[in-house]
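Each chain is listed here by its residues.
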Amino acid sequence: MATKSKTAGKGTRKRAKDEGREIIRVSEHTAEIVSDSGEGAQKCGQIFGAVCAKMGNGAWTVEIIPAEIQPPPRSKAGGSGNRVRFGTERITNWGDATNLVVAFNEQVLLGRHELDALADDAIILLENMWATHPDPDIQQQWKEALEALSTRNYRIIEVPMEEECLKIVEDPRRGKNMFALGLFAFIYDRDLELIRAQIAHQFRKKSEEVYARNVLLMEAGYAWADANLDFRIEIPTVKSDQPMVVMNGNEAIGMGAVAAGMELCSMYPITPATSASHYLSDVFDKFGGVVHQAEDEIAAVGVAIGASYAGKVAFTITSGPGLSLKQEFLGLAVMVEVPLVVVDVQRGGPSTGLPTKVEQSDLLAAMFGQHGDAPHVVLAPATIEECFHSMVTARRIAETFRTVVMVLTDANLATGVQPFPRPELDPRWQQAPVSLSPIPEGKPAYDWDPRTGLSSRRVPGQKDGMHTATGLAHNEWSKVAYDPESHERGCRMRSRKIAVLQHTLRAPEVYGEESGDLLVVGWGSTKGAIEEAVDRARAQGLSVSSCHLTFLSPLQPGLKEIFRRFERVMTVEINYSDEPHDPFITDENRRRAQLCLLLRAHTLVDVDCWSRVPGQPLRPGFILNAIRERLAMGVGV
Amino acid sequence: MTHYGCSLLSCGVIDERTFEMDDYQGAVARWCPGCGDHSILTAVQRLLEEEQLKPEETVFVSGIGCSSRFPHYLNTYGFHGLHGRALPVATGVKLERPELNVFVVMGDGDCCSIGAGHWIHATRYNVDMVALLLDNNMYGLTKGQTSPTTPLHFPSNTQPRGTYLEALNPVQATLGVTNASFVAQTAEWIPAHLYETLKAAYHHKGFSFVRILQRCPVYTASVYDEAVRKPDVIEMMVHDDGIYLPDLDQIYKQKIVHNPKDIDGARRLAEVTERVRLGVFYRNEALPRYEDLRRLPAHTAEERVRLLSEELDRYAV
Amino acid sequence: MPSDPRIELALRAVAAPIDRYRSAVVTTVEEVRGYLASHRSPTESGDGNTAARLGAFAAGRIDYARFATLLTEAPDDPERLRKVEKAFDILRVIAAGDEDLFKIKVKGGARLGAAVAKRLAEMGRGFAAARVAGMATAGSLNSGSAEELLAPMAFERWSAAERRLAPPLVVELEGADLHAGDLVEFMDGNVKILLLVNGESTPAPLAPLITPGTFVLQTGDDTGLGRFAEHEGPAVAALVPEDAARFIHDPARGANLWDRIEIYHAPEKEPRRSVGGRSVSQQKQELQQLLAMGKAPVEAAASVADAAPVTAVAPSGPVSNQVDKLAAWLLSQADLENIG
């Protein structure tokens, strides 16, 4: 067992007198488990993340997802697992690098190493059965991999996981994950009762026998670590006074949909949106709700529009390619003023792109993807908590304004797990959107208020409300009208609603000082990483603040005013932009990041951008580098 | 939901209205003179009157095309949506509001071309609604392009030297779909038969697919010419459980007894021959309906809040 | 006695009709909740209401006062609103009520008809409340008193639409108190009454209720209860003691009476003593009528003549006419003195 290097993590270490074991005290740590796909590493990571949260740590869990469903075993690209960043304080993002990793084979570990995912002084607990594997090729691979890993300062601890597990089960492939959980439990001194309860929760659909075996394996891992490791890592936990819940973003979307009184989720399977539908499919019927899996993305939104037209509360959920397919229907919903909530869990694009990976590149498609002028609302929750609450607000806005509200999340939020204050539920979120009262005589189908463009909703069943909703240009009676006045009026009324909504919005808050050298503007899931980078920059004496936008259409008021108070404004986004110094790129032809483009048009401020498309969440350290780099380029807008 | 949630709010109101044909009249139909759609509109209005369907509880959903203007000409609720996408919208309406009477009006481009996927699946869902395919064998609104049902070698503006492929047979296609529960064919120039077919479709519980042969005087005037002029081209499928109109015996002498329960017979009869067959090919009310399978009891807001609170407990830290 | 297996069986049998009824009430509750939320005056509802309706995501991002002006429709008159609130409460109580709402027990010697009428009138408060709320949403609710509208509403005042949504009832009673005539007035709309008969009963107590549109079932177990619950139209069923007849009359099974009736158990023992004031001969007659109705046409006509040598019954004319006449005659023979 090699124990050569220093350990990782922030903070100081102390040696506990009574144990003769090194106790590393840190304020936060990032731990991950990585295995071949199908070895259950994700289950282990999820349980560990949930237990950390339940013990009172701030936590942010992200999935490590292989791109293929069944990649070959022991391949660098096939690593699957979870990464848990947790600490004493609130954790808002996935952080920079992993401090401790449990790996089931050296190849997936090598994959993580090559991705630069591991801290230079990371502790590695590595399954060592491969060193003595009967296949000489594998032995050779092991040797080469360990050589490659030795270029860094890693502290590699070999663990005979297979051997230990075989003492308990016949097929260790189906239990090593629980052994690994035991390792984590010992190292981080986790509450074993909580772990057992969480195992029970995770395997609630399986038998008592499965539960008992998993607990045995976990305890074996714990005992092995106790007997063989000369260190433990201590992260003080602070139990929150507030009741908390912990879940991933897609579960939060699904639960938020229930809380918002949704009655129908009409969807077609697509990664990474589908897991929200999985969650809903599991629980929705007990609330009287239905998940309708339609024959395609187009039908999925069509059924939702039909249901909403009929006066019920429906939404659809999709990811990039599905959004493209739904665009014609979304334009129709805007045109006939049928309220509709659309969740887009963004992934890497264009085309099939990076199906399982994060990107923020659907913003412009969400806003402008419909042909013609189709003004509607676009929101972007920034945290898992906001995924939940945004559904309630989205429904209310959709119904009040009779329009489409798109909720943009992404693969990072969808699979990230974070504790947040338990929502206080309100029955008013659930109320029926309309009552089937008769329509007074002489009231047109679109009784547009000429000032606001708002009109009252009307649905089948309402006596004397008969009319034909049409996607053709129409007048207030919903009669097809091709004359210039009618079309202009319709466009104006639909557009006016967005201005009225904007009028009810407040200016966004500035994180940090109200003025300074640089303002970083972000949207969606990058909030935590950006704010952490800003904190670090300010700690280094840099004059940086940030501002996170949740309403993207309409944009919140006061942006120009805020931007003017900073020498420089830069968006940070996970979508493509040209770097200013790339070949052929000039200020004139530079393609900028999506929010940047919008803000420039909206404010006439020369907003800059820094964006990347790594298929991963942005690391605060990288954002910090970008901030320093931009500030070094000199100030001045 | 499809919970059984029909509202009680208007239950206590004594509704003594009776509806006349005129009560179902919307805007004045603007189809070409001689267009078969006029006759279909009249038959539908007659059905609405005969069944005394409340205008506010009746929804006509259409796609895009000449025939899809249909809802505008009725005084019911209507949804004139996207080309090819009438069926998903109608499915959403009926799934959530099973108490409404839902009709779908599609053209051959709508149903058999751009929306063909929805056609197959709507048939399989077997949601209780009447789906009318107004088949004039051509794209009319966009002025004469080949449709999937355009007869072989028939010229159009997109295939001026004639179509290259044999026409798709919508009846045969529908009969091939799992869970198809009602398939009929009729012709707009035989109003009595058209009406009886619509009536049978309306009374069928499930997805009632009716292909209506419809003349387009502008682009496909010759296609049904022979069938209109020579009644012997038409073969009436008759049965007590299907459609039998003795009054038509004088004109339409070609008859074949076909029991609508007989799916194999239906599929044989649906094959293309020199004869045009009208009547009910298949009917089966025993097949499951999607909206019934998905039906759930409703819960009050308080119940839902309580249940969601229990759900949050599972995720509590 | 929730552990009584017969009550459990009965409640299971009416679970779907209960769901249907309750779903309608629930849907109405939520509609009324929406109406109330949007028709309170802005000053009364305040920013708190807007904040609550928008959810936490809006906090700090949406100006509630400004948004409130968009949410509120023309505020309703406070007095009218109070009425709607009262109606809302009644509907909520019914929506939240457990299965006891759908269960009654007739005390020995008490009137079945009166007990059913009383419970249906109580349930009718829900319909009355919905009428008040419906008038409010339609703008036709005056500001005068609505007290009587919110009071119990007897079945006779239910509209056809309300009768179609009638709640099912499970009624426990002594066989001696089972006078089918008591139920005639309720056999309308979609009313479902399931009787749990204790003690001795006559052999075919429900036979008098057989009319072309009414589903009638006598059973000893769950046989036929599924069809009872699914029948679209009025339906009555009884879980009868072992020595009573067991049969189904299902209107969906054809136009002929004998097609619709399926008798799968006729009592072996002759009635030997009077039950609930019905003599042995009355009981025999009741049973013979049932058996006659279930038989093929020729025999049926003959045995009906046997059982009841009343000239008015002599079957003639088309079959449907015969059926109606037969039904009418049976009703006339039934014990109707308890209807009131």
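Residues numbered from 1 in each chain as written. Chains lettered and ligands numbered in written order. Predicted model: local features only at pLDDT ≥ 70, side-chain atom pairs only at ≥ 80, totals over all residues. Heavy atoms only, no water.

1. Section: the overall build of chain C
- Across its full length, chain C carries 12 helices and seven strands.
- The buried share among the 340 residues of chain C stands at 54%.
- In chain C, once contacts between residues fewer than 6 apart in sequence are set aside, the share between residues at least 24 apart is 71%.
- Accessible surface for chain C amounts to roughly 14300 Å². Of this, 51% is attributable to carbon and sulfur atoms. (Helix = DSSP H or I, 4+ residues; strand = E, 2+ residues; numbered from the N terminus. Buried < 20%, exposed > 50% of the residue type's maximum accessible area, 1.4 Å probe, protein only. Contact = heavy atoms within 4.5 Å. Areas by Shrake-Rupley, 256 points an atom, 1.4 Å probe, with all protein chains shown as cover.)

2. Notes on the overall build of chain A
- Check the secondary structure of chain A and you find 19 helices and 24 strands.
- Taking 637 residues into account, the globule formula puts the C-alpha radius of gyration at 26 Å, and chain A, at 27 Å, falls close to it.
- In terms of overall dimensions, chain A has C-alpha extents of about 85 × 60 × 50 Å along its principal axes.
- Taking all contacts inside chain A whose residues are at least 6 apart in sequence as the whole, residues at least 24 apart take part in 77%.
- Only carbon and sulfur atoms are counted for the fraction: they give 50% of the accessible area of chain A, which is about 23100 Å².
- Separation of charge centres in chain A, based on 69 positive and 82 negative side chains, amounts to 3 Å. (Rg over C-alpha atoms; globule rule 2.2 N^0.38 Å. Lys, Arg positive; Asp, Glu negative; His and termini not counted. Charge placed at Lys NZ, Arg CZ, Asp CG, Glu CD.)

3. So, the packing of aromatic side chains
- Going through the model one piece at a time under the given rule, you end up with 26 aromatic pairs over all chains.
- Seen in terms of ring centroids, F48(A) and F184(A) are 4.8 Å apart; in terms of plane orientation they differ by 25°. Their pairing is stacked. Here F184(A) lies in helix α5 (residues 176-187) and F48(A) lies in helix α1 (residues 41-54), a separation of 136 residues in the sequence. This pair shows no difference in class: F48(A) is buried, exactly as F184(A) is.
- Pairing F184(A) with Y188(A) gives two aromatic rings, centres 6.5 Å apart and planes at 25°, and the pair type is stacked. Comparing F184(A) with Y188(A) shows no difference in burial state: the two are buried.
- Members of the aromatic cluster, each reached through a chain of ring pairs, are W31(B), F60(B), F70(B), Y73(B), F103(B) and Y202(B).
- When the ring centre of W130(A) is taken as reference, the NZ or CZ atom of R74(A) above it lies at 4.5 Å.
- The ring of F155(C) carries the charged tip of R163(C) above its face, separated from the ring centre by 4.2 Å. (Phe/Tyr/Trp six-rings, centres within 6.5 Å; stacked < 30°, edge-to-face > 60°. Lys NZ or Arg CZ within 6 Å of the ring centre and 35° of its normal.)

4. Considering helix α1 (residues 37-51) of chain B
All names here are of chain B.
- For α1, which comprises 15 residues, the first-to-last C-alpha distance of 21 Å matches the rise-based estimate of 21 Å (1.5 Å per residue) to within 8%.
- Among the residues making up α1, those that are buried are D37, I40, L41, A43, V44, Q45, L47, L48 and E51.
- Buried residues in α1 make contact with β1 (58-62), β3 (101-107), β4 (129-135), α6 (191-203) and β8 (207-213).
- One or two steps after α1, the chain reaches Q52, where phi turns positive at roughly 50°. (Expected span 1.5 Å × (residues − 1).)

5. Looking at the pairing of β1(B)
All names here are of chain B.
- Most of β1 is tucked away: five of the five residues are buried.
- Burial along β1 is two-sided: the face carrying T58, F60 and S62 and the face carrying V59 and V61 are both buried.
- The sheet contact formed by β1 and β3 spans five bridges and is parallel. From the neighbouring strand, V61 faces β3, where its bridge partner is V104. (Pairing = 2+ DSSP bridges.)

6. A few points about helix α13 (residues 384-401) of chain A
Residue and element names in this part refer to chain A.
- When the terminal C-alpha atoms of α13 are compared, their 26 Å separation across 18 residues agrees well with the 26 Å that a helix rising 1.5 Å per residue should span.
- The sharpest bend along α13 measures roughly 30° and falls at S390.
- Burial runs high along α13: 17 of the 18 residues are buried.
- Backbone geometry just after α13 places R402 at a positive phi near 45°. (Bend = angle between axes of the 7 residues up to and from the residue.)

7. What to know about the side chain of K192(C)
Residue and element names in this part refer to chain C.
- Tracing the backbone shows K192 in strand β3 (residues 192-198).
- Within the structure, K192 has its side chain in polar contact with the backbone oxygen of G233 (distance 2.8 Å).
- Sequence-distant contacts of K192, defined by excluding residues within four places in its chain, comprise P167, P168, L169, F228, A229, H231, G233 and A235. (Polar contact = N/O pair within 3.5 Å; in protein donor to acceptor, adjacent residues only side chain to side chain.)

8. Overview of the interface of chain A and chain B
- Contacts between the two partners involve 71 residues from chain A, matched on the other side by 53 residues from chain B.
- Of the roughly 5600 Å² buried between chain A and chain B on both sides combined, carbon and sulfur atoms contribute 63%.
- Area buried by chain A at its contact with chain B is led by F287(A), E295(A) and M466(A), which between them contribute 12% of it.
- Where chain A packs against chain B, one counts two salt bridges.
- Between K286(A) and E311(B) there is a salt bridge whose closest N-O contact spans 3.2 Å.
- In this structure, the connection of chain A to chain B is made through 29 residue pairs in polar contact (both at pLDDT 80 or more).
- Looking at the side of chain A that touches chain B, the elements that each hand over two or more residues are α1, β10 (244-248), α8 (249-259), α9 (274-283), β12 (290-293), α10 (297-309), α11 (320-336) and β18 (468-470) of chain A.
- The greatest single-element share of the side of chain A that touches chain B, amounting to eight residues, is contributed by α10(A).
- Grouping the amino acids of the side of chain A that touches chain B by side-chain chemistry returns 39 nonpolar, 18 polar and 14 charged. (Buried area = accessible area lost by both parts, 1.4 Å probe. Salt bridge = Lys/Arg side-chain N within 4 Å of Asp/Glu carboxyl O. Nonpolar A, V, L, I, M, F, W, Y, C, P; charged D, E, K, R; others polar.)

9. Structural notes on the sheet that holds strand β7 (residues 261-265) of chain C
Residue and element names in this part refer to chain C.
- The seven strands are arranged β1-β2-β3-β5-β4-β6-β7 in an open sheet whose pairing can be described as mixed. At either margin of the open sheet sits one strand with a lone partner, and together these are β1 (103-105) and β7. The sheet shows a mean angle of 15° between the axes of neighbouring strands, direction not considered.
- Here β1 pairs with strand β2 (residues 169-174) via three bridges, running parallel. In the sheet register, K105 faces β2, and the bridge partner there is E172.
- Sitting on the sheet, helix α1 (residues 5-13) touches β1, β2, β3 and β5 (235-239), and the angle it makes with β3 is about 170°. (Axes fitted to C-alpha atoms, helices over the stretch in contact; angles between N-to-C directions.)

10. Concerning the domain arrangement of chain A
Residue and element names in this part refer to chain A.
- According to the domain assignment, chain A contains domain 1 (13-239), domain 2 (245-430), domain 3 (436-502) and domain 4 (510-632).
- Between domain 2 and domain 4, the residue contacts involve 25 residues of the former and 23 residues of the latter.
- A buried area of about 2000 Å², summed over both sides, lies between domain 2 and domain 4, and 64% of it is on carbon and sulfur atoms.
- Joining domain 2 to domain 4, the criterion identifies zero salt bridges.
- Elements with a contribution of two residues or more to the side of domain 2 that touches domain 4: α12 (363-368), β15 (377-379), α13, β16 (404-410) and α14 (411-415).
- Here the side of domain 2 that touches domain 4 gets four residues from one element, more than from any other, and that element is α12.
- Residue classes in the side of domain 2 that touches domain 4 are distributed as 15 nonpolar, five polar and five charged. (Domains from an automatic or database assignment.)

11. Considerations on the nonpolar core
- One finds F563(A) and F79(B) to be the most contacted residues of the largest nonpolar core, which totals 94 residues.
- Contact partners of F563(A), with chain neighbours within four places excluded, come to L519(A), V521(A), V569(A), L599(A), T603(A), V605(A) and V607(A). (Core = buried A, V, L, I, M, F, W, Y, C linked by side-chain atoms within 4.5 Å.)

12. Some details on the interface of chain B and chain C
- Counting residues at the interface gives 19 residues for chain B, matched by 26 residues for chain C.
- In total, about 1800 Å² of surface goes out of reach between chain B and chain C, with carbon and sulfur atoms giving 65% of it.
- One can count three salt bridges joining chain B with chain C.
- Note that R33(C) and E302(B) form a salt bridge whose closest N and O atoms lie 2.8 Å from each other.
- The interface formed by chain B and chain C holds seven residue pairs in polar contact (both at pLDDT 80 or more) in total.

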